[in-house]
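Letter by letter, the chains look like this.
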Amino acid sequence: VEDAFGGGAQSSLAAGRAGAKGEYVFTANNPFAGDEQALTKGKDLFRRGVLTEAALALEAEVQAHPKNAEAWRLLGTVHAENDDDQQ
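Residues numbered from 1 in each chain as written. Predicted model: local features only at pLDDT ≥ 70, side-chain atom pairs only at ≥ 80, totals over all residues. Heavy atoms only, no water.

### Looking at the environment of A55
With respect to the helices, strands and loops of the structure, A55 is situated in helix 4 (residues 51-64). Residue class for A55 comes out buried when judged on its relative accessible area of 8%. Spatially, the C-alpha atom of A55 lies 6.9 Å from that of G42, the residues being 13 residues apart in sequence. Once residues within four sequence positions are removed from consideration, A55 is found in contact with L75, V78 and H79. (Helix = DSSP H or I, 4+ residues; strand = E, 2+ residues; numbered from the N terminus. Buried < 20%, exposed > 50% of the residue type's maximum accessible area, 1.4 Å probe, protein only. Contact = heavy atoms within 4.5 Å.)

### A closer look at the confidence of the model for the chain
Here the chain averages 81 in pLDDT, and 71% of its residues register 70 or above. Predicted confidence for residues 1-17 stays below pLDDT 50, and this span has 19 contacts to residues more than four positions away or in other chains. (pLDDT = per-residue confidence, 0-100.)

### What to know about the pattern of salt bridges
All told, the structure shown has three salt bridges when counted by the stated rule. For D35, the salt bridge is made with K41, and the minimal N-O distance between the two is 2.6 Å. Residue classification places D35 among the partly exposed positions, given a relative accessible area of 23%. (Salt bridge = Lys/Arg side-chain N within 4 Å of Asp/Glu carboxyl O.)

Spelled out as structure tokens, the structure:
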């Protein structure tokens, strides 16, 4: 997972959010934290085009289940669609 998010030049916006190379920086005070339905909600929000909230839901999912490859992949897709693919 680290290699999927690391490497390359970072914009100043992304550099402010990103940690060490390959380290994903999660949003503080995520309203989806602890939500057992975070993955389902993230998928639904993504389908509806609500990308910022979809990213939050998917962040909550990967924090709760760090080995969930589907959630990591979808989170990357959401960032790419939201023009935030440096994260």
